[in-house]
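A closer look at the structure
One-letter residues, chain by chain:
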Amino acid sequence: MKPFISFLILFSIITGPVVAQENDSPYKTKLSVDGPVIIAGMGLSAYGLKLMQDKEGFTEAEIATMDKSDVNPFDRFSAGYHSLSAKKASDFPFYGSFAMPFLMLLNDNVNNKTGQVLVLYVETMAVTGTLFTLANGNTERARPLVYSDEVEMKERTEANAQNSFFAGHTAATAAASFFAAKIFHDFNPDSGARPYVWAAAAAVPASVGYLRLKAGKHFLSDNLIGYTVGALSGIVIPQLHKKTNNTGISLTPAVIPTINGVGVQGANLSYTF
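We now turn to the structure provided with this report. One numbering rule holds for all chains: residues counted from 1, following each sequence as written. Local features in a predicted model are, by the rule used here, given only for residues with pLDDT of at least 70; side-chain atom pairs are given and counted only at 80 or more, and totals for whole chains, interfaces and linings are based on all residues. Calculated side-chain values reflect all of the structure's heavy atoms, with hydrogen atoms and water omitted.

**Some thoughts on the packing of aromatic side chains**
Two rings from Phe, Tyr or Trp (for Trp, the six-membered ring) form a pair when their centres are within 6.5 Å of each other. A pair whose planes differ by under 30 degrees is stacked, one over 60 is edge-to-face, and the rest are tilted. Scanning all chains against the criterion turns up twelve aromatic pairs. Centroid distance Tyr 121 to Phe 179: 5.3 Å. Interplanar angle 20 degrees. Geometry classified as stacked. Residue Tyr 121 is located in helix α6 (residues 114–137), and its partner Phe 179 is located in helix α8 (residues 168–187); the two are separated by 58 residues in the primary sequence. Its relative accessible area of 0% is what places Phe 179 among the buried residues. Our definition puts a charge over a ring when NZ of Lys or CZ of Arg is within 6 Å of the ring centre and also within 35 degrees of the ring normal. Positioned above the aromatic ring of Tyr 81, the side-chain terminus of Lys 214 is 4.8 Å from the ring centre. Segments assigned H or I by DSSP are reported as helices when at least four residues long, segments assigned E as strands when at least two residues long, and all are numbered from the N terminus. Note on classification: 1.4 Å probe, protein chains only; a residue is buried when its accessible area is under 20% of the maximum for its type, exposed when over 50%, partly exposed between these limits.

What follows is the structure in structure tokens.
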């Protein structure tokens, strides 16, 4: 998952100075708000990645006591899976998914809002990276390949072998693909292509999850959770920025009357849904 974190940091640096355009856009963004969220996401992702890297690997004695029967019944079928070809194949849709939001910029309704879309994209990936790295950094779960005697002991005892929960490749792919579909959906409300865009968005991370399962990198539950986290990030982050979104918290200046009838300056906090 290191490539994803590196991509996130590089992408954030490149798009940091971009000014978001809001005219004729379904979204409203503010760098004074979204900027700190992105920076915090990058920082927390880096911290989570450090937690993942600082884990101590299994000892050979510990691996000798591990058995497939220790895995919960839902995931047990894949304990011992390992496929180098599946691992290599998963990289193609994984890296390819990062380009999907950029393809949306070819759309006439989207391309003149490039800055705003890139800000939202970085924020989506920053949130996804935070959720993934912190969950993985604070959880120790053996990958399915650890249960295979055919896998070299060196790979089974390294710290990375404990990073099964949850599937980062699947989460990142789902975040990028569902983000792209959400952007297309909101910028093109009358397009007949929307169902096909959503179908493609769902299929790409599903293929990554399947390949990571066959590669012995993650159990089915890891992939299902990663898929859900990524998809929700890709949809919810843009939705929270929609101008027509009626759900939210607002803080506005107000004059608060007192008992003696004298008004004092204050603030009005309201929640709408």
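**Considering helix α2 (residues 31–53)**
In an α-helix, one turn spans 3.6 residues; hence positions three or four apart end up facing the same way. Every helix has an expected span of 1.5 Å times one less than the residues it contains. Helix length check: α2, at 23 residues, gives a terminal C-alpha distance of 32 Å against a target of 33 Å (1.5 Å per residue), a fit within 8%. Looking at α2, one finds that the buried residues are Asp 34, Gly 35, Ile 38, Gly 41, Met 42, Ser 45, Gly 48, Leu 49 and Met 52.

**Some words on α6**
Between its terminal C-alpha atoms α6 stretches 34 Å, which fits the 34 Å expected from 24 residues at 1.5 Å a residue. Burial runs high along α6: 19 of the 24 residues are buried.

**Points about the pattern of salt bridges**
Criterion for a salt bridge: a side-chain nitrogen of Lys or Arg within 4 Å of a carboxyl oxygen of Asp or Glu. Following the criterion strictly, the structure yields six salt bridges and no others. With its nearest N and O atoms 2.7 Å apart, the salt bridge here joins Asp 54 to Lys 50. Note that Asp 222 and Arg 141 form a salt bridge whose closest N and O atoms lie 2.8 Å from each other. Note that Asp 222 is positioned in helix α10 (residues 220–240) and Arg 141 in the loop between α6 and α7 (153–157), a separation of 81 residues in sequence.

This is a description of form; function is not addressed.
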